[in-house]
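Descriptive structure summary
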Amino acid sequence: MPGEQQVPRSVAELAADPAWTVTRTGTTGQWLTAERVVEHNGHRRLIGLTPIRPGAVALMLWSGGEVVEHVRGTEAEVCATAHRWATEVPAG
């Protein structure tokens, strides 16, 4: 539908949004972490992804220096969840 935002299904698609910071290896360019800070009403949260094994990615949400949510799944699954968290955290 026109005007609807596409849900990212990869770290490359997340990285198209300048709010996301992606670190990569110096040799192969493979991504190591993807992070985004979300601030709302004085609360700062960090959303982070990292590959944990072939085909699996960990997604974490930090608040106050502690992990408050953690999920594992495929890159497509966790990127969609990270996108949802980034849009829902400010509202909630």
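In this text the structure is predicted, and so the values were computed from the model without any measurement. (Residues numbered from 1 in each chain as written. Predicted model: local features only at pLDDT ≥ 70, side-chain atom pairs only at ≥ 80, totals over all residues. Heavy atoms only, no water.)

A word on the overall build of the protein
This is how it is decided: Per the convention used, a helix needs a DSSP run of H or I reaching at least four residues, while a strand needs a run of E reaching at least two, with both numbered from the N terminus. It is over C-alpha atoms that the radius of gyration is taken, and the globule rule equals 2.2 Å times the number of residues to the power 0.38. Summary of the burial criterion: residues with accessible area below 20% of their type's maximum are buried, those above 50% are exposed, and those between are partly exposed, where the area comes from a 1.4 Å probe applied to protein chains only. Each accessible area is a Shrake-Rupley result for a 1.4 Å probe, and residues are judged covered by the shown protein chains and nothing else.
Of regular secondary structure, the protein possesses two helices and five strands. Reading the secondary structure of the protein in the N-to-C direction produces α-β-β-β-β-β-α. Relative to the compact-globule value of 12 Å for 92 residues, the protein shows a C-alpha radius of gyration of 13 Å, a close match. Dimensions along the principal axes, computed over C-alpha positions, put the protein at roughly 40 × 40 × 20 Å. Taken over 92 residues, the protein has a buried fraction of 30%. Carbon together with sulfur atoms contributes 50% to the accessible area of the protein, which is approximately 5,800 Å² in total.

Things to note about unusual backbone geometry
You will see that Asn 41, though not glycine, has its phi angle at about 50°, which is positive. Along the chain, Asn 41 turns up in the loop between strand E2 (31-40) and strand E3 (43-53).

Points about the sheet that holds strand E5 (residues 66-73)
Counted only if it meets this: A pair of strands is treated as paired once DSSP finds two or more bridges between them. For helices, the axis comes from a line fit to the C-alpha atoms of the stretch in contact; other axes are also lines fit to C-alpha atoms, and the angle between any two N-to-C directions lies between 0 and 180 degrees.
One open sheet accounts for five strands, arranged E1-E2-E3-E4-E5; its pairing is antiparallel. Since the sheet does not close on itself, it has two edges, and those belong to strand E1 (21-24) and E5, each with one partner. When strand polarity is set aside, the average angle formed by the axes of neighbouring strands in this sheet is 20°. Sheet topology places E1 next to E2; four bridges connect them, and they run antiparallel. Of the residues in E2, the one forming a bridge with Arg 24 is Trp 31.

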